[in-house]
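# Coordinates in review
One letter stands for each residue in the lines below.
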Amino acid sequence: MVLFGRSGGQMKEKVNKHKPWIETSYHGIITENNDTVILDPPLVALDKDAPVPFAGEICAFKIHGQEMPFEAVVLNKTSGEGRLRARSPIDCELQKEYTFIIQAYDCGSGPGGTNWKKSHKAVVHIQVKDVNEFSPAFKESVYKASVTEGKIYDSILQVEATDEDCSPQYSQICNYEIVTTDVPFAIDRNGNIRNTEKLSYDKQHQYEIMVTAFDCGQKRAAEDALVRVNVKPVCKPGWQDWNKRIEYRPGSGSIPLFPSIHLETCDGPVSSIHTTIELQTTYIGKGCDRETYSEKSLQKLCGASSGAIDLLPSPSATTNWTAGLLMDSNDIIFKFDGKQGAKIPDGIVPKNLTDQFTITLWMKHGPSPGLRAEKETILCNSDKTEMNRHHYALYVHNCRLVFLLRKDFDQADTFRPAEFHWKLDQICDKEWHYYVVNVEFPVVTLYMDGTTYEPYLVTNDWPIHPSHIAMQLTVGACWQGGEVTKPRFAQYFHGSLASLTIRPGKIESQKVISCLQACKEGLDINSLESLGQGIKYHFNPSQSVLVMEGDDIKNINQALRKVSYINSRQFPTAGIRRLKVSSKVQCFGEDVCISIPDIDAYVMVFQANEPKITITGMDHFARPAAQFESERGVILLPDIRIVSTVTKMEHSVDFREHDRVNKQLVVEEMLHNLDFCDVLVIGAELDPEQECLELDNGELQGKHLDATNSTAGYSIYGVDSMFSYEQVLRQLRYRNWGTSATADRKFRVKCSELNGRYTSNEFNLEVNILHSSNSNFMDHVNHMIVQPQFLQSVQHPEGSVSAVRSSVVPSVAALVVVTCVSVLVLVVALGALRLRTARQRRGAKDGDMDWDDSALTITVNPMEKYEKPHQTEEESEEEDIDDEEEDTTSAESDDSEEDEEEEEVIVQKGDEQNSTRQEQLEWDDSTLPY
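All values derive from a computational prediction rather than experimental measurement.

Thresholds applied
Residues numbered from 1 in each chain as written. Predicted model: local features only at pLDDT ≥ 70, side-chain atom pairs only at ≥ 80, totals over all residues. Heavy atoms only, no water. Helix = DSSP H or I, 4+ residues; strand = E, 2+ residues; numbered from the N terminus. Buried < 20%, exposed > 50% of the residue type's maximum accessible area, 1.4 Å probe, protein only. Contact = heavy atoms within 4.5 Å. Areas by Shrake-Rupley, 256 points an atom, 1.4 Å probe, with all protein chains shown as cover. Pairing = 2+ DSSP bridges. Core = buried A, V, L, I, M, F, W, Y, C linked by side-chain atoms within 4.5 Å. Domains from an automatic or database assignment. Axes fitted to C-alpha atoms, helices over the stretch in contact; angles between N-to-C directions. pLDDT = per-residue confidence, 0-100. Patch = residues over 30% accessible without salt bridge, like charges linked within 9 Å, V, L, I, M, F, W, Y side chains within 5 Å. Salt bridge = Lys/Arg side-chain N within 4 Å of Asp/Glu carboxyl O. Lys, Arg positive; Asp, Glu negative; His and termini not counted. Charge placed at Lys NZ, Arg CZ, Asp CG, Glu CD. Disulfide = S-S within 2.5 Å. Phe/Tyr/Trp six-rings, centres within 6.5 Å; stacked < 30°, edge-to-face > 60°. Lys NZ or Arg CZ within 6 Å of the ring centre and 35° of its normal. Polar contact = N/O pair within 3.5 Å; in protein donor to acceptor, adjacent residues only side chain to side chain.

### A few points about the overall build of the protein chain
Looking only at helices and strands, one finds 16 helices and 59 strands in the protein chain. A buried classification covers 45% of the 930 residues belonging to the protein chain. Across the protein chain, every contact between residues at least 6 apart in sequence was considered, and the portion connecting residues at least 24 apart equals 72%. When the accessible area of the protein chain is evaluated, it comes to approximately 48200 Å², of which 50% is carbon and sulfur surface.

### Things to note about the pairing of strand β57 (residues 744-753)
The pairing of strand β52 (residues 673-682) with β57 spans seven bridges and is classified as antiparallel. Along β57, the bridge assignment pairs Leu-680 with Arg-748. As paired strands, β57 and strand β59 (residues 763-770) are joined by six bridges and run antiparallel to one another. Along β59, the bridge assignment pairs Asp-744 with Asn-768. The sheet contact formed by β57 and strand β58 (residues 758-759) spans two bridges and is antiparallel.

### Here we look at the nonpolar core
Looking at soluble globular proteins, one finds that nonpolar side chains tend to be buried together. Counting residues in hydrophobic clusters, the biggest one holds 56 residues, and the most contacted among them are Leu-637 and Ile-642. Taken domain by domain, the makeup of this core includes at least three residues from each of domain 4 (295-517) and domain 5 (611-650 + 665-770). Ignoring anything within four residues of it in the chain, the contact list for Leu-637 reads Val-679, Leu-729, Arg-730, Leu-732, Val-749, Phe-763 and Leu-765. Within the second largest apolar cluster, 42 residues are counted, among which are Phe-334, Phe-357, Leu-401 and Val-439.

### Remarks on the sheet that holds strand β36 (residues 457-461)
A sheet is described by the order of its strands in space; here seven strands give the open sequence β27-β37-β29-β30-β31-β32-β36, paired in antiparallel fashion. Only two strands of the sheet have a single neighbouring strand rather than two, namely β27 (342-344) and β36. Mean inter-strand twist for the sheet, computed between neighbouring axes without regard to direction, equals 20 degrees.

### Thoughts on the confidence of the model for the protein chain
With 78% of its residues at a pLDDT of at least 70, the protein chain reaches an overall mean of 79. Scored below 50 in pLDDT, residues 1-12 shows one contact in the model against residues more than four places distant or in partner chains. In the model, residues 775-818 has pLDDT below 50 throughout and makes 92 contacts with residues more than four positions away in sequence or in other chains.

### Things to note about a positive patch on the surface
A surface patch of positive charge is lined by Lys-19, Lys-62, Lys-118 and Lys-121. Within the fold, Lys-118 resides in the loop between β8 (97-106) and β9 (122-129). The exposure class of Lys-118 is partly exposed, given its relative accessible area of 39%.

### Quick word on the side chain of Arg-735
With respect to the element layout, Arg-735 can be found in strand β56 (residues 733-736). The exposure class of Arg-735 is buried, given its relative accessible area of 19%.

### Let's talk about the state of the cysteines
By the definition in use, this model includes nine disulfides. Put simply, Cys-92 and Cys-166 are joined by a disulfide, and their sulfur atoms are 1.6 Å apart. Since a negative S-S torsion denotes a left-handed disulfide, the Cys-92-Cys-166 link at about 100 degrees is right-handed. In this pair, Cys-92 sits in the loop between β7 (81-86) and β8 while Cys-166 sits in the loop between β13 (161-162) and α2 (168-171), placing the two residues 74 residues apart along the sequence. Both residues of the pair, Cys-92 and Cys-166, belong to the buried class.

### Here's the deal with the environment of Ser-496
Within the secondary structure, Ser-496 is located in strand β40 (residues 494-504). Residue class for Ser-496 comes out buried when judged on its relative accessible area of 11%. Residues Ser-496 and His-365, spaced 131 residues apart in sequence, show a C-alpha to C-alpha distance of 6.6 Å. Residues in contact with Ser-496, not counting those within four places in the same chain, are Ile-333, Phe-334, Lys-335, Trp-362, Met-363, Lys-364 and Trp-432.

### Some details on the packing of aromatic side chains
One pass over the full model with this rule turns up 17 aromatic pairs. Where Tyr-734 meets Phe-747, the ring centres are 5.5 Å apart and the plane angle is 65 degrees; that geometry is what we call edge-to-face. Taken together, the positions of Tyr-734 in strand β56 and Phe-747 in strand β57 put the pair 13 residues apart, joining distant regions of the chain. Under the relative-accessibility criterion, Tyr-734 is labelled buried at 0%. Residue Phe-747 is classed as buried on the basis of its relative accessible area, which comes to 1%. Members of the aromatic cluster, each reached through a chain of ring pairs, are Phe-357, Tyr-392, Phe-403 and Phe-420. Cation over ring: Lys-62 sits above Tyr-105, and NZ or CZ is 4.6 Å from the ring centre. The lysine or arginine in question, Lys-343, covers the ring of Trp-479, its NZ or CZ lying 3.7 Å from the ring centre.

### Some thoughts on the environment of Leu-394
Structurally, Leu-394 is set in strand β30 (residues 390-397). What makes Leu-394 buried here is its relative accessible area of 0%. Excluding residues within four positions of it along the chain, Leu-394 makes contact with Ile-359, Leu-361, Thr-377, Ile-378, Leu-379, Leu-401, Val-402, Phe-403 and Val-437.

### Let's talk about helix α5 (residues 553-561)
Three or more residues of α5 are buried, namely Asn-555, Ile-556, Asn-557, Ala-559 and Leu-560. Close packing links the buried residues of α5 with β19 (238-240), β22 (262-264), β23 (270-280), β43 (545-550) and β44 (563-567). Sitting at the amino-terminal end of α5 is Asp-552, which places a side-chain oxygen 3.1 Å from the backbone nitrogen of Lys-554.

### Remarks on the sheet that holds β9
Strand order in the open sheet formed by five strands is β3-β2-β9-β8-β5, and the pairing between neighbours is mixed. A strand with exactly one partner marks an edge of an open sheet, and here the two such strands are β3 (37-40) and β5 (58-64). Within the sheet, the average angular offset between the axes of one strand and its neighbour, ignoring direction, is 30 degrees. Summarising the sheet, strand β2 (residues 25-31) and β9 pair through seven bridges and their orientation is parallel. Note on β9: the bridge partner recorded for Tyr-26 is Val-124.

### Observations regarding the pattern of salt bridges
Under the criterion given, the structure shown has 23 salt bridges. In this structure, Arg-745 engages Glu-691 in a salt bridge whose closest nitrogen and oxygen atoms are separated by 2.5 Å. Taken together, the residues Arg-745 in strand β57 and Glu-691 in strand β53 (residues 691-694) connect sequence positions 54 residues apart. Exposure remark for Arg-745: the relative accessible area of 10% places this residue in the buried category. Overall, Glu-691 belongs to the buried group, its relative accessible area being 3%. In this structure, Arg-733 engages Glu-694 in a salt bridge whose closest nitrogen and oxygen atoms are separated by 3.1 Å. Note that Arg-733 is positioned in strand β56 and Glu-694 in strand β53, a separation of 39 residues in sequence. The class of Arg-733 is buried, set by a relative accessible area of 6%. Three or more residues are tied together by salt bridges with common partners; here these are Arg-632, Glu-694, Asp-696, Arg-733 and Arg-735.

### Description of unusual backbone geometry
Across the junction of Asp-40 and Pro-41, the peptide omega takes the value 0 degrees, indicating a cis bond. For the bond running from Phe-441 to Pro-442, omega is 10 degrees, close enough to zero to count as cis. By the element assignment, Pro-442 lies in the loop between β33 (432-440) and β34 (443-448). Non-glycine residue Cys-399 carries a positive phi angle of around 60 degrees. Tracing the chain through its elements places Cys-399 in the loop between β30 and β31 (400-405). Using a relative accessible area of 25% as the deciding quantity, one classes Cys-399 as partly exposed.

### Some points on the environment of Ile-309
On the secondary structure map, Ile-309 appears in strand β24 (residues 309-310). Separated by 194 residues in the primary sequence, Ile-309 and Arg-503 have C-alpha atoms spaced 6.1 Å apart.

### Points about the side chain of Ser-583
Relative to the helices and strands, Ser-583 resides in strand β45 (residues 575-587). A residue is classified by how much of its surface remains accessible, and Ser-583, at 9% relative accessible area, is buried. A distance of 2.9 Å separates polar atoms of two side chains, one belonging to Ser-583 and the other to Trp-239. Polar contacts involving the side chain of Ser-583 include one to the side chain of Thr-275, which spans 3.3 Å. Residue contacts for Ser-583: discarding those within four places in its chain leaves Trp-239, His-274, Thr-275, Ile-596 and Asp-598.

Written out as structure tokens, the structure reads:
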């Protein structure tokens, strides 16, 4: 038995005689995130014991290595085919390749796998194939670089992106691109950014560009990178930190022009700085922003001597010789085109100007047309007929200003100075200039823009022999009355003239001349004390040019920051004022070392809020004829008020869109001057034989006011406050010593500021003259209807205007009462006439009351005994009304609707006569029979 068993084991060993066989090495590839390994050669084990069962079959492949993420499985035991696969996900980014040992095992001698044999060891090398799962990422989210303008750079900066993929194909960055379009930059494959053109600091201070990257698998970066390139200016000498536009609002006073300015000299060795600031205003008005009052008003304001005669006034009924001339009505500028002239009527200018007189004018004139220019006459006094002698004239000839003065013949028949010539560039520079010719014969002095000029040439001539030929004074041309077939104009002027005046018998002082041509805008320096040491400065007379000089840059910077613009006009001319700053810098040892570019800026002056001038007061009253006939007459406007308001937009603090619609207009009262007020007669002019308007001369003393009187009305002019005009107008009286022919008079009051630029409403006043035929009745009616409450309201015209205006037209009931009672009044009128007249003359002294009630208690009405109980009721009702009115606030009294409601209540409480009394605070006697 033992022997048999031993021989059986030997037989089994003989059955599994060979080891399995595999290749000595394998190379495999696995794609990450996949479990299949592709081996080369394929995994196959062979056994020579085949086809013996078990001994010739392959049962397993075993991997030797520490925690290898792979396993080998047998696909076919008979053929020995196997497969290598991953036991867990393979990540190339964690490990790119694996190496391990593999062996094959047969199935042994039987089903139990005993006596199995294994192959030799084979080396397996596996590479992990990458998947492009990661996008490129930049190392920095923002890159910054600075370049100097005017240069081309090979590389300004380099951007860099990385990729977390493991393979060279997917982990390398193959391309960069600039995403931002239309920028002068380019980028290469290595991320180097360069500029494609020269950069300019003035054009753009900084560029922001977006850059992206692509790996070699053409996967784009998840986030682009921002690249900021700052452009640094090449150090250029010049002024820095200034604004081209400076805004100026009326009433701002003095505002700095360059509050933060400083000079860059690029570290040059500066020894001195010379700067000129020029305010260019030649296109504003007459050379700059000046007061646009009339020449008479300006002369009064500047303290000029009285007696100036305006030769170019605004056209009117009394000054109609300028009606045919071309005119700019805003500034009273007359334009002469070489075809027009104006004749000054006789009597406007006296024939004898004496040895002292003054001619003033504004003139804008350019080069004369033609090669040989003719004389261009500004002012000429020549023979009207028969002869062609020029007695005096002011004209331009070849850009020279010439004044001609031919004295009349007297006992000394000798040569005398006759022509005075001035040669000035300003005469033909097409700009406005102010000329004053002061004649103090034989000396003639010219002032231009406040500066004195002596004539460069004076020629003599014989005196003019006296004749009976009348003279003609003209403007814009000279009258040629003789030596021609028909008298005509000649020597026409080409240019613009304004404010041409002549003042006989007096010459103007330098102070007045400077005031008349002074600009109301100009340059200024805030705080001269803090200018700094070593700063020299100089203004021209009009303060339109400022020159500053210093040797320290810091002090010059500080001084220029204090230069400001000022406009003292309450209503300045809106528009642009150009500014020019030019500078010269000198360095040590050199004449001029660096060049400083000029500054071109401008001041924008905004339009002032337009004022609304309103005249209010009592617009209708009646007085007995005796008061008009008295020596003092009747005061026309005892309670006149002149108020100016301006409408402004109220800005809300909340600037949200829906709140902007809710802005409200706010009306504010403002104070400003007036330059004239006219009291005009409506209808037929005053008859100087029986009526006139009067004003005491003392009322104008201490004020900048003058007045003229005519049958058309009364004109008060001069630059003064609204309060001064109120004071004067309240003293204007109307006298009529022929009242029998006059029943009423109507007047109109209108005021102006800035020579008509702003005008008031037309305030109309109607005055009724009460004659003796109805005086007794009027006395009685006054006794019934005039209430103390009304007399008090006259002192407050702003609250009683509506009441006064509502009292003009009597009601129908009043007319019935007038008709019935007038018959009774006529009976007692003759008996009380003498007593009434005396009372009325004493009562005329009371100028503040609308009715003369001095005789109210004297007049005896036979019906009074029947009316006394009725009057008692009226008095009690008046007390009730007074109580109601005392409870009414001042705000309610200004409301017209509440006034109307109050009047309705009064009418309902009273009877018909009481209603008539409330409606007839003033008496309209137009329906009374005379």
